[in-house]
Each structure stands twice: as C-alpha cells, then as structure tokens.
Amino acid sequence: MPVPLLDISRQHQPILQELGSVFSRALETSRFIKGPELESLETEFADYCGTRHAIGCASGTDALTLSLIALDVKPGDFVITTPFTFFASAGSVVRAGGIPVFLDILPDSYNMDPDLLSGWLQEHCAVTDRGVVYRSTGTRVGAVMPVHLFGQMADMDRIMSICDEWGLPVVEDACQSVGARWSERRAGSFGAAGCFSFFPSKNLGALGDGGMVTTDDPDVAARLISLREHGGVGYIHAEVGFNSRLDALQAGFLRVKLARLDDWHEGRRRNASFYSRAFRDLKEVITPVIKKGAWSVYNQYTMRVRDRDRLLEHLRNSGIGCAVYYPLPLHLQQCFKCLGYGEGDFPASEAASREVISIPVFGELTEGELAEVAGAVRSFYEA
Ligand SMILES: *Cc1c(COP(=O)(O)O)cnc(C)c1O
C-alpha cells in the first residue's frame, strides 16, 4: 500500500463547504485585496500566537525579508543564522541587503546552539555607538535569526537573554513552527518579529502562497504595513518598499483552517509518538529529540539514520513517501561561495545533511498507513 509524504486533500475534505463559502463571499463582495477578511485573520493570528500585532504578506520569505528591513538591518550588516535550514532563511538576509553569518546547529534538535551564539559574539564583537560590530572589520551585526526547524522551537530563553544582553534584535524564522511552544509560549512571541509561511505544506497552509509577521512593537508593525505596500501610506512614500500582500481569499481560507490548527497538531503529535515507540529498539535510527521546554508541532518527522540513501531508496521502492530536508547545507551552496565558507566548517550541519530522512507524519494518516511506514523502515534494518 503506497503512503504519500503529505496528502492535503484529506485535510480539506471535511471543510470543503466552508472553503467554498469563502470563495463565494469573495466573489460577492469583490474585496480581493486587504479588507475585513485580512483584518480578521490578522487579529485571530496575533491572538493565537500571543502577540499584539500580526501583519499579513505574500510569503514566508517576504515575512523574513520585510522584518529584517523593519528592524533596521542595513545593507552590508551581518545577520546570524544557521546553515541547516530551508534556503529562504539565508536568502531573505541577502534580499534585505544583509550578509548571512552561519553558526553550527545543535546535533540533536537541529536548531541554533546558544553556546555558539554567545561564544561567537564574545570572541568577535563589541558594542559601540553604532550597535554591535564585528571588531576586525567594523561590520555591524543587524539581527539574529534562529530557525525553529521541523516544528520544534530553538531555546528561546537562552537566545533571548544573550541577544537582550547585547541589544540585538531577534527575528524568529517560525515558518515551520506555527503553534509550537517553548516554555508555554508560542513561536513568534519571543523575538522582535516572528515570521510565518502559509506555503501549502506548512502546518497552516493556504491554497497558494502567503506569509505573516507577528510583533508586539507598534512601530515595527506600522513599518511592516508600509513596507508591504511600496513603503508608503496614501501615495506618500517614506521609503521604497515591496508589493507583498496577503490576498483576502487566502486570508479567508486561512481563518477556516486556523480554527482547526490545534486539532491538526494533535494528529501529527500522535503519529510522531507512534513512530518514536515503533523505532525505539532500532539502534540504526535516532528518532526526533524534543528538548525540555519544547512542544513540537512536527511539521516534519525527521529521523537520523544509518545508510540514509539506501533507506530512502528502499522506502521509495515500497511506495512510502519520504524526503531529505535538507541535502546540502546553506554554507556549501554555490550562491553563497562568496561568503567564504567551506566543507568542514559546520560539522553538525554537514552530518545532518548526510543522515536525515523525513517520513509521512500528517494528521490524517490511517493506523494502517502508519503501520505500513513503520514496517517498511523496520524491514530495512532487520533484513
Ligand atoms: C517555508 C520556509 C520559508 C519560506 O516560506 P515561503 O512561504 O515558502 O516563502 C522560510 N524558512 C523556513 C525554515 C521555511 O521552512
């Protein structure tokens, strides 16, 4: 029996009528851009995340890019992030005019290592009247961007206390972790800005592209509202911005889905714990490590395994959907050669790229399908 990595149509089946009425309403009112549907989603989303503001935009990539600019990252500034993540984490830094500085991940959670962050700042940086600068070149450090990978948040207590001490703004890349918690607080509620993606495969997916930024700071919120519409208010432009809006139609679909998001998280968490029990005795498989304080929403169920590429082939031959997120860390991407990193610079990220594999974890998997996936993994190592 084949099992897909993700089947969103199963999630949509029970809400087809509600999604349809969003579409009908949009046609009736002809409010396609902004309007009450977007405003309601922004209020509900801010409420869900526990922040004062939420500002819709066109994608998670734009959420990151606009946030960096809104937090005054200037052309040529460093932005500190990790190399084992989706491309957009660092791509957005470059699009905002910044220069990514990579720090290696924690090998168990794949997230930013607070010790490496504080060590790097202490070794290389100083606080000056221009803010935090890299001592040897005078380059300003504009922001720190922890990524909450696969549905699990980075250690935001420690990262925030380090960044507060240095006076560095934090942009959370929460694109994979809507609803995830650290110390009972949701992703996006710690940093100066939290960035979300509504790409269809994320836990809260639109029927197309979409993104959102959360913040508690009214000035940052106002700057984001201006930046997403060409940097202006009422045809008066203080700066050159973007065209990055969230359609009313997508906002309406997302409101229907946000109301069910916590139930969907429970499905993913149930499936994850099934696998983690099923693989407990396999010494070749390391199941996801959830840190104390973290509550994961399992955007991916990502294991670290022996013979990864052969397992991948075995699962594919058995009709089991699976994928490698991510096969090449960002510091080794051709487009970032100019940053001067090389093989061996970030051993934990490079090892993760060689050893990880993600298997189906979406909430609507049947018991039969879960057993099928677990059986296929077990049969590979028991053979
Ligand atoms: C999906 C994702 C993004 C980008 O979101 P888009 O909506 O596809 O632009 C950024 N960072 C991470 C970690 C992501 O997973």
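No experiment lies behind these values; they were computed from the predicted model shown.

## Quick word on the domain arrangement of the chain
Partitioning the chain into domains gives domain 1 (8-258) and domain 2 (261-382). In this structure, domain 1 and domain 2 have C-alpha centres spaced 24 Å apart. Taken together, the 43 residues of domain 1 in the interface contact 41 residues of domain 2. Ranking the residues of domain 1 by area buried against domain 2 places Arg-10, Phe-150 and Asn-203 at the top, with a combined share of 20%. Along the contact surface separating domain 1 from domain 2 lie three salt bridges. For Arg-186, the salt bridge identified is with Asp-262, shortest N-O distance 3.4 Å. At the boundary of domain 1 and domain 2, one finds 27 residue pairs in polar contact (both at pLDDT 80 or more). Of all the elements in the fold, those that place two or more residues in the side of domain 1 that touches domain 2 are helix 1 (8-12), helix 5 (88-95), strand 3 (99-102), strand 8 (181-182) and helix 9 (248-258). It is strand 3 that provides the largest number of residues to the side of domain 1 that touches domain 2, a total of four residues.

## Regarding a nonpolar patch on the surface
A surface patch of nonpolar side chains, amounting to about 380 Å² of accessible area, comprises Phe-23, Leu-27, Phe-32 and Ile-33. With respect to the helices and strands, the residue Leu-27 is situated in helix 2 (residues 16-29).

## Points about the sheet that holds strand 1 (residues 53-57)
The pairing of strands in a sheet happens through backbone hydrogen bonds and is either parallel or antiparallel. Here we have four strands laid out as an open sheet, ordered 1-11-10-7, and mixed in their pairing. Each having just a single partner strand, strand 1 and strand 7 (171-173) make up the two edges of the open sheet. Adjacent strand axes in the sheet meet at a mean angle of 20°, parallel and antiparallel pairs treated alike. In this structure, strand 7 lies alongside strand 10 (residues 193-197), joined through three bridges in parallel fashion. The residue of strand 10 that forms the bridge with Val-171 is Ala-193. The strands touched by helix 8 (residues 218-227) within the sheet are strand 1 and strand 11 (211-215), with strand 1 carrying the most contacts at an inclination of about 15°.

## Quick word on the packing of aromatic side chains
Using the criterion set out here, one finds 20 aromatic pairs in the structure. Geometrically, the ring pair formed by Phe-274 and Tyr-275 is edge-to-face, given 6.0 Å between the ring centres and 65° between the ring planes. Of the residues examined, Tyr-275 reaches a relative accessible area of 0% and is grouped as buried. Seen from their ring centres, Tyr-275 and Tyr-301 are 5.1 Å apart, and the 50° between their planes marks the pair as tilted. Linking Tyr-275 in helix 10 (residues 261-278) with Tyr-301 in strand 16 (residues 301-305), this pair joins segments that are 26 residues apart in sequence. Residue Tyr-301 is classed as buried on the basis of its relative accessible area of 0%. Site record: aromatic cluster; members linked through ring pairs are Phe-84, Phe-86, Tyr-110, Phe-150, Tyr-325 and Tyr-326. Cation over ring: Arg-185 sits above Phe-190, and NZ or CZ is 4.0 Å from the ring centre.

## Quick word on the packing of helix 2 against helix 9
Where helix 2 meets helix 9, the axes come as close as 9 Å, and the angle between the chain directions of the two elements is 150°. Considering the angle they form, helix 2 stands roughly antiparallel to helix 9. Handedness of the crossing formed by helix 2 with helix 9: right-handed. Packed against helix 2, whose contacting residues are Glu-18, Leu-19, Val-22, Phe-23 and Ala-26, the element helix 9 presents Leu-249, Gly-252, Phe-253 and Val-256 at the interface. When the residues that make up the contact of helix 2 with helix 9 are grouped by side-chain class, the tally is seven nonpolar, one polar and one charged.

## Some remarks on the sheet that holds strand 3
In spatial order, the strands read 3-2-6; together these three strands make up an open sheet with parallel pairing. Of all strands in the sheet, those with a lone pairing partner are strand 3 and strand 6 (141-144), marking the two edges. Between one strand and the next, the sheet's axes are offset by a mean angle of 30°, whatever the strand orientation. Helix 6 (residues 114-124) contacts strand 2 (78-81), strand 3 and strand 6 of the sheet and is inclined by roughly 150° relative to strand 2.

## Re the environment of Leu-71
Among the structural elements, Leu-71 can be located in the loop between helix 4 (60-70) and strand 2. Along the chain, Leu-71 and Arg-223 lie 152 residues apart, while their C-alpha atoms are 8.9 Å from each other. The residues touching Leu-71, leaving out its near neighbours within four places in the chain, are Pro-169, Val-170, Val-171, Ala-192, Ala-193 and Val-220.

Conventions adopted
- Residues numbered from 1 in each chain as written.
- Predicted model: local features only at pLDDT ≥ 70, side-chain atom pairs only at ≥ 80, totals over all residues.
- Heavy atoms only, no water.
- Domains from an automatic or database assignment.
- Contact = heavy atoms within 4.5 Å.
- Buried area = accessible area lost by both parts, 1.4 Å probe.
- Salt bridge = Lys/Arg side-chain N within 4 Å of Asp/Glu carboxyl O.
- Polar contact = N/O pair within 3.5 Å; in protein donor to acceptor, adjacent residues only side chain to side chain.
- Helix = DSSP H or I, 4+ residues; strand = E, 2+ residues; numbered from the N terminus.
- Patch = residues over 30% accessible without salt bridge, like charges linked within 9 Å, V, L, I, M, F, W, Y side chains within 5 Å.
- Areas by Shrake-Rupley, 256 points an atom, 1.4 Å probe, with all protein chains shown as cover.
- Pairing = 2+ DSSP bridges.
- Axes fitted to C-alpha atoms, helices over the stretch in contact; angles between N-to-C directions.
- Phe/Tyr/Trp six-rings, centres within 6.5 Å; stacked < 30°, edge-to-face > 60°.
- Buried < 20%, exposed > 50% of the residue type's maximum accessible area, 1.4 Å probe, protein only.
- Lys NZ or Arg CZ within 6 Å of the ring centre and 35° of its normal.
- Parallel < 35°, antiparallel > 145°, perpendicular 65-115°, else oblique.
- Left-handed = near helix turned anticlockwise from the far one by under 90°.
- Nonpolar A, V, L, I, M, F, W, Y, C, P; charged D, E, K, R; others polar.

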